[in-house]
Amino acid sequence: MMKNRLSIEIGDICREVKNTSKNPKSDGFDKYIGLEHLDSGSLKISRWGSLGDEPISFSRVFRAGQILFGKRRPYLKKAAIAEFDGVCSGDIMVLEPKDSILDPRLLPFILQSEGVWHAAVSSSTGSLSPRTKFLALKKHKLSVNKEIDQVTIIKILEKTHQVYEQYLEMTLALDQVLRNLYLEFFPNFYEPSTNQVPLPKDWITLPLGHILLETPESGFSANEVAHSSGHYVLNLNNLSMNGYVNGEMKPINESDYNPKLQLSDGDLLISRANTHELVGLVGIVSSRKEKVIFPDTMMRLKVNNDIVSSEYLENYLLSPYGRRAIQRIAAGTSASMKKVNKHNLMRIQIPIPKLPAQNRIVSVLGNCRKIKSEKENNLSVRSLLRSKIVEQIAQ
C-alpha cells in the first residue's frame, strides 16, 4: 500500500438503513420506488409510483438524501440519490453515509463505480435473478488517496454526471420514439379489445412454427471455467430489449463444446427462461468470437427467409405486442423465473407483409435501433470515465 493511501471498506463509509412502515400512506408517504423506476448508471430518479394508484407491498422507508441501491440483478447498475421521502421495493437497499475520511458527497459516485458493481455482482447469489447483500458488499475494500483534493474531485464528478444525464435523456427519448415506431408498424392485431385493428391489405397471419425451417433448437449450459479456453457460451445478458448485445461471454472447457451448437453471424436467438419482463427476448448474433455456443436458456430459430426475413421477425418479437404475445405463454410457479416451451412458442401468431414491405419496416426500425445503440455506447463510455475519476480518490 502506498504511503498516501489508506485501506478502508465500504462499510466504513456507509450503512444500510432498514426502517419500515406498516401503513406508508397513513404515515404520510405518497410516493414509492421500484427497480423499474431506477435507470441504469443514473444517480437521478426521474419517475416513481404514487401510493393509492395501485396496491403495493413495499414497506422499506427511505428519506431524501439517502441512496437507493438495487440489490437484485446488480449487473444492471441501478443506484440513485433520493430527492424525496417514500417507500421502496425490498429489492432495493437504502444506504446513507457514515462519518469517515471521505466527503459524504462522494458516496453516490463511489457506489456507481465499476469496482463496487463488480463486487456486487461477484457477491450475488441466484442464477436467473441474482441478488447481493449489504453484508457482503460492505466488506469490499477501497484504497483511499489521503492527499487528493476531494472538493475538486466532487466538482469534476458533478459536471461529468450532468453530461451523463443529458445523454441519458436522449437515450430515453429514443426509447419512446422506437416504441412509437413499433406501435405504428405493429399495432394490436390479435388481442380482443377496443384498440384492436385489422391486418393491412396484403398482409397474412401465420403461426411462428410455419415460418421456421425446423423446430426451435435448444442450447447447452456448459460450466464456466476461470481460464481462457478459446471456447465460449453466451449468457442471458447477450439478449436485450434492443436485440443482441456483443458483450461478455463465459469461457468453457473444450470438452463441453458442442460444434452442432456453434453460432454463426445471422443466427436468431430467443431466451426461453428468464424473469417475466425479460423472458422471450430475441437477437440476431453478430461480431461473435469464433467458437461460441448458446445456453439451454436460449433457443435458435431457423427462419424460412422465403417467407419472412430474420430481421423482420426479430423486430416484431421485440415490439410491445410481440413481447406481450411471448409473455402470455411464459409459464412457471416461481415469481422470479418463467419459461417458454417450444410447442406454445410455435403457435404465436406473426403478422406478415410481403418481403419488400418487410424490408422497409426493417430499414426504419433498424436505423432507430442503431442510433439508440450508439447513444447507449456513449453512456457506457461516460460511465467508465466517471469510474476512472472516482478511482483517483478511492479504488
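All residue numbers refer to positions counted from 1 along the written sequence of the respective chain. A pLDDT threshold of at least 70 governs which residues receive local features in this predicted model, and a stricter bar of 80 or more applies before side-chain atom pairs are shown or counted, although totals over entire chains, interfaces and linings include all residues. Heavy atoms throughout the structure, all of them, feed into the side-chain values; hydrogens and water do not.

**Structural notes on empty space enclosed by the protein**
Applied cut-off: Here a cavity denotes grid points, spaced 1 Å and computed from the protein atoms alone, that fit a 1.4 Å probe unable to get out, and a pocket denotes an open set having protein on both sides within 12 Å along at least 5 of 7 lines; residues with an atom within 4 Å of a point are the lining. Grid points are joined across faces, edges and corners, and a volume is the space filled by probe spheres set on the points. Each residue gets one of three labels, nonpolar for Ala, Val, Leu, Ile, Met, Phe, Trp, Tyr, Cys and Pro, charged for Asp, Glu, Lys and Arg, and polar for the others, Gly among them.
One pass over the structure, following the stated rule, counts 1 cavity of 30 Å³ or more. Taken as a whole, the largest cavity encloses approximately 50 Å³ of empty space. Every residue lining the largest cavity is listed: I13, P97, K98, S100, L102, D103, P104 and L107. Class assignment of the residues belonging to the lining of the largest cavity gives a composition of 5 nonpolar, 1 polar and 2 charged.

**Things to note about the sheet that holds strand β16 (residues 250-251)**
Selection rule: Strands pair, by our definition, only if DSSP identifies at least two bridges between them. Secondary structure counts use DSSP, requiring at least four H or I residues in a row for a helix and at least two E residues in a row for a strand, with both numbered from the N terminus.
Overall, mixed pairing links the 3 strands, which are arranged β16-β13-β20 in an open sheet. If you trace the sheet from one side to the other, it starts and ends with β16 and β20 (292-293), each paired once. Sheet topology note: the strand β13 (residues 232-233)/β16 ladder contains 2 bridges and is antiparallel. Along β16, the bridge assignment pairs Y232 with P251.

**A few points about the sheet that holds strand β19 (residues 282-284)**
Adjacent strands of a sheet form backbone hydrogen bonds with each other and so pair up, either parallel or antiparallel. Spatial ordering of the open sheet is given by β12-β21-β17-β19, a layout of 4 strands whose pairing is antiparallel. Two strands close off the open sheet at either side, each with one partner strand: β12 (217-218) and β19. Both β12 and strand β21 (residues 298-301) contribute to a ladder of 2 bridges, which runs antiparallel. Bridge pairing in β21 places S218 opposite M299.

**Re the packing of aromatic side chains**
Here is the rule we go by: We call Phe, Tyr and Trp rings a pair once their centres come within 6.5 Å, taking the six-membered ring for Trp, and we label the pair stacked below 30 degrees between planes, edge-to-face above 60, and tilted otherwise. Relative accessibility thresholds used throughout: buried, under 20% of the residue-type maximum; exposed, over 50%; partly exposed, between the two (1.4 Å probe, protein chains only). Think of it as a cone above the ring: NZ of Lys or CZ of Arg counts as a charge over the ring if it is within 6 Å of the ring centre and within 35 degrees of the ring normal.
In the structure shown here, the tally under the stated rule is 8 aromatic pairs. Relative to F58, the ring of Y32 has its centre 5.6 Å away and its plane inclined at 70°; by these criteria the two rings are edge-to-face. Residue Y32 is found in strand β3 (residues 31-33), and its partner F58 is found in the loop between β4 (49-50) and β5 (60-62); the two are separated by 26 residues along the sequence. Between W48 and F84 the ring centres are 5.1 Å apart and the planes differ by 65°, which places this aromatic pair in the edge-to-face class. With W48 in the loop between β3 and β4 and F84 in the loop between β7 (79-81) and β8 (86-88), this pair connects stretches of sequence that are 36 residues apart. Accessibility expressed as a relative area gives 38% for W48, which makes it partly exposed. Taking relative accessible area as the criterion, F84 reaches 15% and is therefore assigned buried. Taken together, the ring pairs connect W48, F62 and F84 into an aromatic cluster. Cation over ring: R386 sits above Y164, and NZ or CZ is 4.7 Å from the ring centre.

**Thoughts on unusual backbone geometry**
The backbone of R73 sits at a positive phi, close to 50°, despite the residue not being glycine. Topologically, R73 is positioned in the loop between β6 (67-70) and β7. In this structure, D202 is a non-glycine residue whose phi angle is positive, near 75°.

**Side note on the pairing of strand β10 (residues 141-145)**
Counting buried positions along β10 gives 4 out of 5 residues, so the element sits mostly inside the fold. Taken together, the 5 bridges between strand β1 (residues 5-9) and β10 define a ladder with antiparallel strand orientation. If you follow L6 over to β10, its bridge partner there is V144.

**Observations regarding the nonpolar core**
Condition: Joining through side-chain atoms within 4.5 Å is the link that ties buried Ala, Val, Leu, Ile, Met, Phe, Trp, Tyr and Cys residues into a set, and such a set is a nonpolar core. Note on contacts: a residue pair is in contact if any heavy atoms of the two residues lie within 4.5 Å.
Among the nonpolar cores identified, the biggest contains 57 residues, and F186, L313 and I350 are the most heavily contacted of them. For this core, the leading source of residues is helix α6 (residues 310-318), giving 5 residues. Among residues more than four places away in sequence, those in contact with F186 are W203, Y312, N315, Y316, S319, Y321, P351, I361 and L365. Counting residues in hydrophobic clusters, the runner-up holds 31 residues, among them A79, I110, A120 and I153.

**Points about the environment of G11**
Topologically, G11 is positioned in helix α1 (residues 10-13). Residue classification places G11 among the buried positions, given a relative accessible area of 14%. Taking the C-alpha atoms as reference, G11 lies 8.9 Å from K141; in sequence the two are 130 residues apart. When residues no more than four places from it in sequence are discounted, the contact partners of G11 are K98, F134 and K138.

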